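If you want the building blocks of each chain, they are given just below.
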Amino acid sequence: MALATGVLYSASLNHDWLLRLLRKWRIAQRTGNSIWNDAFQDIPSFFVLVKLYGDRSIVGFLLYYSYEQEDMSLFMEYAAWIVDSEGTRSPIDGSGILLTKKSGIESVTFLNTGKNEPRGKS
């Protein structure tokens, strides 16, 4: 019983079920998670364009993200650097790229791809 209660409580916190219900009833306005976590959890598109400090940009399929906003880490597969103002891509060889807080993440744009699977995965 204790294990089931713990699992249910953890799932509720992770998915923000209780506060989502309270927001729906207009009892609460805030989320239990950070806006960082809510955005990645609630927005259906996982192809992202990340703008980094110094006018650098990278695009790719978001596979993992940090739970804590203070950490601001992302792991992207099928990633490519945007090398010019026309959006020319320079693919990153290997499994992907890990962007950490020290990468200077300024913004994350969620791209509308029409589906959540990366190209080549079906």
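Residues numbered from 1 in each chain as written. Predicted model: local features only at pLDDT ≥ 70, side-chain atom pairs only at ≥ 80, totals over all residues. Heavy atoms only, no water.

Novice: I would appreciate a short explanation of the nonpolar core in the present structure.
Specialist: One broad trend across soluble globular proteins is that nonpolar side chains are buried collectively. V48, V50, L52, I58, L62, L74, M76, A79, I97, L99, I105 and V108 form the largest nonpolar core, which has twelve residues in total. Looking at this core, the elements that each hand over two or more residues are β1 (47-52), β2 (56-65), β3 (74-82), β5 (97-99) and β6 (105-111). (Core = buried A, V, L, I, M, F, W, Y, C linked by side-chain atoms within 4.5 Å. Buried < 20%, exposed > 50% of the residue type's maximum accessible area, 1.4 Å probe, protein only. Helix = DSSP H or I, 4+ residues; strand = E, 2+ residues; numbered from the N terminus.)

Novice: Is there a simple way to think about unusual backbone geometry in this case?
Specialist: Most peptide bonds take the trans configuration, and most residues that are not glycine carry a negative phi. The phi torsion at D55 lies on the positive side, around 60°, for a residue other than glycine. With respect to the helices and strands, D55 occurs in the loop between β1 and β2. Assessed through its relative accessible area of 69%, D55 is described here as exposed. A positive phi is found at M72, a non-glycine position, where the angle reads about 45°.

Novice: Would you mind showing me how to read the pairing of β2 here?
Specialist: Each regular strand shows side chains that alternate between the opposite faces of the sheet. Pairing between β1 and β2: six bridges, direction antiparallel. Within β2, the position partnered with L49 by the bridge is V59. Note that β2 and β3 share seven bridges and pair antiparallel. Of the residues in β3, the one forming a bridge with I58 is W81. (Pairing = 2+ DSSP bridges.)

Note that all results are geometric; they support no functional claim without further evidence.
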